[in-house]
Amino acid sequence: MNLQESLYISFEREKQLRSYMPSNMQAEKLAEFFAVCADPTRVKILSALAMGDMCVGDIALVVQVHQSTVSHQLKTLKDKGMVVCRKIGRVAYYSLSDPSIESILNVGAERISKRASYAV
């Protein structure tokens, strides 16, 4: 559909909407980002790391899953650029790669709590 085939909105409004929407590449990257966040264990790991750097064993303790599960999920998060790793001696410490990840989690948590209050 080109810009002049619109049936219900004005040409100017359609242009405005198209300029606001993410490009195809941006939409794919956003979908990838949210797909990574679609796993509850990864969400818990990201939430724990929002409080500060942690090693795999400590994350496993807090998230209450096996260290091998944490390691696997951290690899996914690292591959997707959501966490970074630094080593001190033989211990690897993980942290969020960007503080905006914590903000995104907080926005999601606020939305959930608002929806829960509406359901009561």
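Everything quoted here is computed from the prediction, not taken from an experiment.

Rules of the game
Residues numbered from 1 in each chain as written. Predicted model: local features only at pLDDT ≥ 70, side-chain atom pairs only at ≥ 80, totals over all residues. Heavy atoms only, no water. Core = buried A, V, L, I, M, F, W, Y, C linked by side-chain atoms within 4.5 Å. Buried < 20%, exposed > 50% of the residue type's maximum accessible area, 1.4 Å probe, protein only. Helix = DSSP H or I, 4+ residues; strand = E, 2+ residues; numbered from the N terminus. Contact = heavy atoms within 4.5 Å. Polar contact = N/O pair within 3.5 Å; in protein donor to acceptor, adjacent residues only side chain to side chain. Pairing = 2+ DSSP bridges. Lys, Arg positive; Asp, Glu negative; His and termini not counted. Salt bridge = Lys/Arg side-chain N within 4 Å of Asp/Glu carboxyl O. Expected span 1.5 Å × (residues − 1).

Undergrad: Teacher, can you tell me more about the nonpolar core here?
TA: Across soluble globular proteins, nonpolar side chains show a tendency to be buried alongside one another. In terms of nonpolar packing, the biggest core is built from 22 residues, with Ile45, Leu46, Leu49, Ile59, Leu74, Leu77 and Met82 touching the most fellow members. When residues of this core are traced back to their parent elements, those giving at least two are helix 2 (24-36), helix 3 (40-49), helix 4 (56-63), helix 5 (67-79), strand 3 (91-96) and helix 6 (100-119). With residues near it in sequence (within four places) discarded, Ile59 still touches Ile45, Leu49, Met54, Gln64, Val70 and Leu74.

Undergrad: When you look at the environment of Ser10 in this model, what are you seeing that I'm missing?
TA: One can find Ser10 in the segment before helix 1 (11-20). For the pair formed by Ser10 and Val62, sequence separation is 52 residues and the distance between their alpha carbons is 53 Å. Polar contacts involving the side chain of Ser10 include one to the main-chain amide nitrogen of Arg13, which spans 3.0 Å.

Undergrad: Sorry, what's going on with the pairing of strand 2 (residues 83-88) here?
TA: For a regular strand, side chains alternate in direction, first toward one face of the sheet and then toward the other. Taken together, the six bridges between strand 2 and strand 3 define a ladder with antiparallel strand orientation. Directly across from Arg86, in strand 3, lies its bridge partner Tyr93.

Undergrad: Looking at this model, I keep getting lost on the side chain of Ser95. Mind explaining?
TA: When you line up the elements, Ser95 lands in strand 3. Overall, the relative accessible area of 16% leaves Ser95 in the buried class.

Undergrad: What is the right way to read the side chain of Arg42 from this model?
TA: If you trace the backbone, Arg42 turns up in helix 3. Asp39 is the oppositely charged side chain nearest to the buried, salt-bridge-free Arg42, at an N-O distance of 4.5 Å. Polar contacts involving the side chain of Arg42 include one to the main-chain carbonyl oxygen of Val36, which spans 2.8 Å. Other than its neighbours up to four places away in sequence, Arg42 contacts Ala35, Val36, Gln73, Thr76 and Leu77.

Undergrad: Is there a simple way to explain the sheet that holds strand 2 in this structure?
TA: Strand pairing in a sheet relies on backbone hydrogen bonds, with the paired strands running either antiparallel or parallel. Within the open sheet, the three strands sit side by side as 1-3-2. Their pairing is antiparallel. The open sheet has two free edges, formed respectively by strand 1 (54-55) and strand 2, since each of these has just one partner strand.

Undergrad: Would you take a moment to explain helix 5 for this structure?
TA: The α-helix winds at 3.6 residues per turn, so residues separated by three or four positions along the chain end up facing the same way. Along its 13 residues, helix 5 runs 18 Å from first to last C-alpha, staying within 8% of the 18 Å computed at 1.5 Å per residue. Contacts made by the buried residues of helix 5 are with helix 2, helix 3, helix 4, strand 2 and strand 3. Trailing helix 5 by a residue or two, Gly81 shows a phi angle of about 80°, which is positive.

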